[in-house]
Amino acid sequence: MAVTLTEAAARHVKRYIAKRGKGVGVRLGVKTTGCSGLAYKLEYADDVAPEDVVFEGHEVKILIDPKSLPYLDGTELDFVREGLNEGFKFRNPREKDKCGCGESFRV
């Protein structure tokens with residue numbers, strides 16, 4: 001099992017953590033919501049919880065709760081700029097379908 005992040009995502013996370021002045025990485029998970037069933041949740045993490053599954057790439061920790069891991073296994077986290085917009089993009093091989101608005105997905 002693995003969750004990875006691109007160099008672009010790692011650079012963005014490192015910059016933001018440096019700006020905040022604290023943090024160990026990002027916490028990635030899923031929550032039940034939307035018309036397709038699941039949505040990604042992403043937040044900056046200040047510490048590692050005992051139950052967290054920890055992956056590391058490009059000197060950035062990705063923390064995942066054990067319940068979310070089956071839905072996220074194989075996911076790559078990227079940071080992209082598309083026109084005037086920028087943000088994190090999830091490339092999840094387990095994703096089978098997305099709702100029309102892009103807010104939720106199904107595995």
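Since we're looking at a predicted model, the values are computed, not measured. (Residues numbered from 1 in each chain as written. Predicted model: local features only at pLDDT ≥ 70, side-chain atom pairs only at ≥ 80, totals over all residues. Heavy atoms only, no water.)

Asker: Go over the sheet that holds strand β6 (residues 76-82) with me, naming the residues and quoting the values.
Answerer: Overall, mixed pairing links the three strands, which are arranged β1-β6-β7 in an open sheet. Strand pairing shows two members of the sheet lacking a second neighbour, β1 (4-5) and β7 (85-91), which therefore form its edges. Direction of pairing for β6 relative to β7: antiparallel, over a ladder of seven bridges. Opposite R81, over in β7, you have E86 as the bridge partner. Contacts from helix α1 (residues 7-20) reach β1, β6 and β7, with the element oriented near 85° to β6. (Pairing = 2+ DSSP bridges. Helix = DSSP H or I, 4+ residues; strand = E, 2+ residues; numbered from the N terminus. Contact = heavy atoms within 4.5 Å. Axes fitted to C-alpha atoms, helices over the stretch in contact; angles between N-to-C directions.)

Asker: Run through the packing of aromatic side chains, naming residues and quoting values.
Answerer: Here the structure, examined in full by the defined rule, presents three aromatic pairs. Judged by centre distance (5.2 Å) and plane angle (75°), the rings of F79 and F88 are edge-to-face. (Phe/Tyr/Trp six-rings, centres within 6.5 Å; stacked < 30°, edge-to-face > 60°.)

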